[in-house]
Amino acid sequence: MSAEEADRKKNRYHFDRHTPDYRHQFEAITAEMHARCPIAWSDTYGGHWVAAGAREVFELARSAEYLSNDHDVNNERRGYKGITIPTPESMIRGGFLEMDPPEQRHYRQAVNPYLSPAAVAGWIPVTAELVRACLDEKIETGRIDFVDDLANVVPAVLTLAMMGIPMKHWTIYCEPVHAAVYTPPDSPGMDRVRDRQIEMYKDMFGQLMAIKENPRPGLIDALARALINGRTPPDLELLGVMTLIIAGGFDTTTALTAHALEWLGEHPDQRKRLSRERETLLDPATEEFLRFYTPAPGDGRTIAADCEIAGQQFKEGERLWLSWAMANRDPEVFPDPNQVDLARTGNRHHSFGLGIHRCIGSNVARMVFKQMVAAVLDRMPDYRCDPASAVHYETIGVIQGMQHLPAAFTPGARLGAGLDETIEAMQRICDDQRLAEPVTARKARADIAR
């Protein structure tokens, strides 16, 4: 390494977000990087930059002219490796999150009418009914696993409904989506995960083909009809976009809800306060849980041209990790960053990313989270989590999630039908009222009282 190169990379840090130590030492590692090297070079995974400071992450994420998300799986362009570090073996790109404009922009334009605030508001009655049914399944027993019985279920069912996939198929999709993240690649359990993934992709492809032949409302129909750069995308590319929507709709909202319920269980006074003051407190509390737990902790980029950003020189082809999670703990932006403040103001967190690639499903995530948390506060107000049985993802390199969060509470009365019957009823309503149409075609909320 030349003296010039050594000087350019003088700020160094051994950064490996895929180890259990990173989860356990997250606050200490974050504080050290903020103080010593908010942008640092790490030799891990072939060498890459890591941005941890809020200002640095902000400037970099908004410099799309110098940063690329492209995953050139067939080595047809510049050979860039997408948003994951290290890059997994894959035959398909991770949807439009692994594309650059104009492709990325065309895809977002196609799906945005299904994910705008007005479009998402139309799904609130269906979401509330799904939450009610999940809690009814357990309300008489006095015991629940907030992950298995609630936070895994509702985001999965709703995401499929918005896509145009039958809601009852959620059991085909739920396990492989979550297990693919928390199961170690060399684990004996990975064989089962791969089998379930194959089953999921077969169903996904079947849904795409069926909708192409006989259109029905939903995100898949929008994708099937989209023109991207003046062309109809190949099926493999559409499967990548569908996978992105499913992954983004499932595990991140599950992770946020589980961590929030765990924290509220550990702080019963704050739980009572949130329940009592929810009209004014639920919105800022949602943003604070997003900041503090940052379910999707970061994204990778490739430097697309030699440049200097945030005082650091970069060379074309170098890899960069933008840590939303560490930026969200920067004391220069967030006073007492390692404390949850339900009423925090000016909470400009980075949990949904920044710039042109900002999470397009953020409205869905916020809505579903609020519906689940509010219902638990109403119907299980004295719940007590079992710390000994709670299972967190051992590593947080991909998703900061939870596998299990068992809790006990004072039993209550059911309010309606069980989950399977409710899903069947919501499917009829979805079909009859064409709920999955874009907001440009349908503006009314679902009417579940018909």
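Note that the coordinates shown come from a computational prediction; the quantities given were computed from them, not determined experimentally. (Residues numbered from 1 in each chain as written. Predicted model: local features only at pLDDT ≥ 70, side-chain atom pairs only at ≥ 80, totals over all residues. Heavy atoms only, no water.)

J.: Quick question: what am I supposed to make of the nonpolar core here?
T.: Across soluble globular proteins, nonpolar side chains have a tendency to be buried as a group. Formed by 96 residues in total, the largest nonpolar core has its most connected members in Trp 123, Phe 146 and Phe 289. Residue contributions to this core peak at 13 residues, all from helix 13 (residues 235-266). Not counting the four nearest positions on each side in its chain, Trp 123 is found in contact with Leu 158, Ala 161, Met 162, Met 367, Cys 430, Leu 435 and Ala 436. If you look at the next biggest cluster of nonpolar residues, it comprises 19 residues, including Trp 49, Val 57, Ile 309 and Leu 320. (Core = buried A, V, L, I, M, F, W, Y, C linked by side-chain atoms within 4.5 Å. Buried < 20%, exposed > 50% of the residue type's maximum accessible area, 1.4 Å probe, protein only. Helix = DSSP H or I, 4+ residues; strand = E, 2+ residues; numbered from the N terminus. Contact = heavy atoms within 4.5 Å.)

J.: How should the sheet that holds strand 8 (residues 319-323) be read in this particular structure?
T.: The pairing of strands in a sheet comes from backbone hydrogen bonds and takes either a parallel or an antiparallel form. The strand order across the open sheet built from 5 strands is 1-2-8-5-3, with neighbouring strands paired in mixed fashion. Looking along the sheet, the strands with just one partner apiece sit at the ends: strand 1 (39-42) and strand 3 (67-68). Here strand 5 (residues 298-303) runs beside strand 8; their pairing, made up of 5 bridges, is antiparallel. Across the sheet, Arg 301 pairs through a bridge with Leu 320, a residue of strand 8. Each of strand 1, strand 2 (48-51), strand 3 and strand 8 is contacted by helix 4 (residues 54-61), which is oriented at about 125 degrees to strand 8, the strand it contacts most. (Pairing = 2+ DSSP bridges. Axes fitted to C-alpha atoms, helices over the stretch in contact; angles between N-to-C directions.)

J.: What am I meant to see in helix 7 (residues 124-139) here?
T.: Note: α-helices contain 3.6 residues per turn, so residues at a spacing of three or four share the same orientation. Its 16 residues give helix 7 an end-to-end C-alpha distance of 22 Å, which sits within 8% of 22 Å, the value for a rise of 1.5 Å per residue. Taken together, the buried positions of helix 7 are occupied by Pro 125, Val 126, Thr 127, Leu 130, Val 131, Arg 132, Ala 133, Cys 134, Leu 135, Asp 136 and Ile 139. On its buried side, helix 7 packs onto helix 6 (117-121), strand 4 (143-145), helix 8 (147-151), helix 9 (153-163), helix 17 (362-379) and helix 18 (419-433). (Expected span 1.5 Å × (residues − 1).)

J.: Mind showing me how you'd approach the sheet that holds strand 9 (residues 384-385) here?
T.: The strand order across the open sheet formed by 3 strands is 4-12-9, and the pairing between neighbours is antiparallel. The open sheet terminates on both sides in strands that have one partner only, identified here as strand 4 and strand 9. Two elements, strand 9 and strand 12 (residues 406-408), share 2 bridges in a ladder whose sense is antiparallel. Across the sheet, Cys 385 pairs through a bridge with Ala 407, a residue of strand 12.

J.: So what exactly am I meant to see when it comes to the pattern of salt bridges here?
T.: Where side chains of opposite charge bring their charged atoms close, a pairing between them can arise. Tallying each qualifying case throughout the model produces 36 salt bridges. Between Lys 9 and Glu 5 there is a salt bridge, with the nearest N and O atoms lying 3.5 Å from each other. Residue classification places Lys 9 among the buried positions, given a relative accessible area of 9%. Classification of Glu 5 by relative accessible area gives partly exposed; the value is 22%. Here Glu 103 makes a salt bridge to Arg 231, at a shortest N to O gap of 3.1 Å. A residue pair is termed long-range when its members are at least 10 positions apart, and Glu 103 in helix 5 (residues 103-115) and Arg 231 in the loop between helix 12 (219-225) and helix 13 qualify at 128 residues. Overall, the relative accessible area of 29% leaves Arg 231 in the partly exposed class. (Salt bridge = Lys/Arg side-chain N within 4 Å of Asp/Glu carboxyl O.)

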